[in-house]
Amino acid sequence: MAPPSDARTPLLRAHDTTAARDAPGARNVAAPAGAAPASDAPPAAALPAASLQPPTPLPHAVRLVSVNVWCHHFAALRSLVPSPRACWRRAPPRAPALMPMVPFGARLDAIADALAGADIVSVQELFVLRVGPLVLRGAWARFAERMAAAGLLHRSAPDASLPRFFGHNSGLALFSRWPLDTVRSLTFARTRERLNRKGALVALVHPPGAASPVVICVAHLDKRSGCAKTAQLAELGGAARGALARAPPERACALVLCGDFNLSLIHISEPTRRTP
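Just so it is clear, the structure is predicted and the values come from calculations on it, not from any experiment.

How should the overall build of the protein be read in this particular structure?
Looking only at helices and strands, the protein features six helices and 11 strands. Here the protein, with 276 residues, has 35% of them falling under the buried criterion. Considering only contacts in the protein between residues 6 or more positions apart, those separated by 24 or more positions represent 74%. When the accessible area of the protein is evaluated, it comes to approximately 16,700 Å², of which 61% is carbon and sulfur surface.

Spelled out as structure tokens, the structure:
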């Protein structure tokens, strides 16, 4: 793949004097005693005009936080119902979960308090549940209200990934202090999870004072299937490349990839080599 042009990479315009010094055929002549040390850089007249410009300043600092809030309706119901095996076989009670099922409201309020001062918040498992014509948005609405109170007034739409009749949406959400441009919701074509619409959100943000826009991709991959994760990562890469292609061509863009990727080995039940 051809390297990006100077128009897309303003930070790479500085002249590399080390390469010129170490090039084949370059001579290193010792200076006479008492003379000022000679500079390794070529004369200013020999440098291209672009290399004489000061380097482009780094983009404006953006405080971005990504968090899994774990507002899973079906997991909450499962934690309230005793295990049939424990009832029938008199087995010992189920061991405490690594993440106790705290009521959604208390957890969301605690997380919102911890995120004070963030500019962009990327959230996973902030699920909206559909049961026929009934849509439960209580957890999402509560967290969106807390984010708005913190100054993050711009957010993605939760209904873009809702199933037609039953199940969760993707659970992904973006909250930003600045407007979200060209928000796209992607549902992965391959998944082993039937109650959740695993996918990604892609958005373009223009922080004030920044030298370039920021492309944000937030995703949530399957929990256990290694084959599904491999396919989902390929889809996520395509979505990120498409977002960069749609960005303004005259300015370089920063790309932020965040989310819950479930890449721990304890979450993989299928070898990825089985993927065609």
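Help me understand a nonpolar patch on the surface in this model?
A cluster of nonpolar side chains, contributed by Val131, Leu134, Leu136, Phe165, Phe166 and Leu195, occupies part of the molecular surface with about 550 Å² of accessible area. Of note, Leu195 is situated in the loop between strand S8 (180-187) and strand S9 (199-205). Residue Leu195 is classed as partly exposed on the basis of its relative accessible area, which comes to 37%.

What is the right way to look at the sheet that holds strand S10 (residues 214-220) in this model?
Backbone hydrogen bonds hold the strands of a sheet together, and the pairing may be parallel or antiparallel. Taken in spatial order, the four strands line up as S8-S9-S10-S11 in an open sheet, and their pairing is mixed. Looking at which strands have only one partner, the edges of the open sheet turn out to be S8 and strand S11 (254-260). Direction aside, the axes of adjacent strands within the sheet are offset by 15° on average. Judged from the six bridges that link them, S8 and S9 form a sheet pairing that is antiparallel.

I would appreciate a short explanation of the sheet that holds strand S4 (residues 134-136) in the present structure.
Strands sit in the order S4-S3-S6 across an open sheet of three strands; the sheet is antiparallel. Looking along the sheet, the strands with just one partner apiece sit at the ends: S4 and strand S6 (166-168). Strand-to-strand twist across the sheet, computed as the mean angle between neighbouring axes with direction ignored, equals 10°. Note: strand S3 (residues 129-131) against S6, three bridges, orientation antiparallel. Bridge assignment links Leu129 to a residue of S6, and that residue is His168.

What is the right way to read helix H5 (residues 138-149) from this model?
Think of an α-helix as turning once every 3.6 residues; residues three or four places apart then point the same way. Taking 1.5 Å per residue as the helical rise, H5 with its 12 residues ought to reach 16 Å, and the 17 Å between its terminal C-alpha atoms agrees with that figure. Contact partners of the buried residues in H5: strand S1 (64-71), helix H4 (104-114), strand S2 (120-126), strand S5 (154-155) and strand S7 (173-176). Two residues or fewer after H5 comes Gly151, characterised by a positive phi angle close to 100°.

I would appreciate a short explanation of the packing of aromatic side chains in the present structure.
Two aromatic rings, taken as a pair, are described by how far apart their centres are and by the angle between their planes. This model, assessed by the stated rule, comprises two aromatic pairs. Centroid distance Phe143 to Phe175: 5.5 Å. Interplanar angle 70°. Geometry classified as edge-to-face. Residue Phe143 is located in helix H5, and its partner Phe175 is located in strand S7; the two are separated by 32 residues in the primary sequence. Taken as a pair, Phe143 and Phe175 share a single burial class, namely buried.

Which parts of the structure should I look at to understand the state of the cysteines?
Cysteine pairs can be covalently joined through their sulfur atoms, and such a bond is termed a disulfide. Counted according to the given criterion, the structure contains zero disulfides. Looking at Cys258, it has no disulfide partner, and the nearest cysteine sulfur is the one in Cys217, 8.1 Å off.

Would you explain the packing of H4 against H5 in this entry?
In a pair of packed helices, the angle between the axes and the distance between the axes together describe the arrangement. The geometry of H4 relative to H5 is characterised by a closest axis approach of 10 Å and an angle of 25° between their N-to-C directions. By the angle class used here, H4 and H5 are roughly parallel. Considering only the axes of H4 and H5, their crossing is right-handed. Contacts from Phe104, Gly105, Leu108, Asp109, Ile111, Ala112 and Asp113 of H4 reach H5 at Ala139, Arg142, Phe143, Arg146 and Met147. Taken together, the residues of the contact of H4 with H5 break down into seven nonpolar, one polar and four charged.

What's the story with the confidence of the model for the protein in this structure? I'm lost.
For residues with low pLDDT, the predicted coordinates do not support detailed interpretation. With 64% of its residues at a pLDDT of 70 or more, the protein has an overall mean of 76. Contacts for the low-pLDDT stretch residues 272-276, under 50 throughout, to residues beyond four places or in other chains number six contacts.

Teacher, can you tell me more about the pattern of salt bridges here?
Two side chains of opposite charge can pair, provided their charged atoms sit close to one another. What the rule picks out here adds up to seven salt bridges. Asp109 is the salt-bridge partner of Arg146, the closest N and O atoms lying 3.2 Å from each other. Of the two residues, Arg146 is situated in helix H5 and Asp109 in helix H4; the sequence distance between them amounts to 37 residues. Linking Asp113 and Arg146 is a salt bridge whose minimum nitrogen-to-oxygen distance equals 2.4 Å. One end of the pair, Asp113, is in helix H4; the other, Arg146, is in helix H5, and 33 residues separate them in sequence. Under the relative-accessibility criterion, Arg146 is labelled partly exposed at 26%. Ionic contacts of the salt-bridge type, sharing partners, join the residues Asp109, Asp113, Arg142 and Arg146 into one network.

Whenever I open this one, the pairing of S9 confuses me. Can you help?
Strand residues, when the strand is regular, have side chains that alternate between the two faces of the sheet. Extensive coverage of S9 is indicated by the burial of seven of its seven residues. One ladder, built from six bridges, connects S9 with S10; its direction is antiparallel. From the neighbouring strand, Leu201 faces S10, where its bridge partner is Val218.

Calculation notes
Residues numbered from 1 in each chain as written. Predicted model: local features only at pLDDT ≥ 70, side-chain atom pairs only at ≥ 80, totals over all residues. Heavy atoms only, no water. Helix = DSSP H or I, 4+ residues; strand = E, 2+ residues; numbered from the N terminus. Buried < 20%, exposed > 50% of the residue type's maximum accessible area, 1.4 Å probe, protein only. Contact = heavy atoms within 4.5 Å. Areas by Shrake-Rupley, 256 points an atom, 1.4 Å probe, with all protein chains shown as cover. Patch = residues over 30% accessible without salt bridge, like charges linked within 9 Å, V, L, I, M, F, W, Y side chains within 5 Å. Salt bridge = Lys/Arg side-chain N within 4 Å of Asp/Glu carboxyl O. Pairing = 2+ DSSP bridges. Axes fitted to C-alpha atoms, helices over the stretch in contact; angles between N-to-C directions. Expected span 1.5 Å × (residues − 1). Phe/Tyr/Trp six-rings, centres within 6.5 Å; stacked < 30°, edge-to-face > 60°. Disulfide = S-S within 2.5 Å. Parallel < 35°, antiparallel > 145°, perpendicular 65-115°, else oblique. Left-handed = near helix turned anticlockwise from the far one by under 90°. Nonpolar A, V, L, I, M, F, W, Y, C, P; charged D, E, K, R; others polar. pLDDT = per-residue confidence, 0-100.

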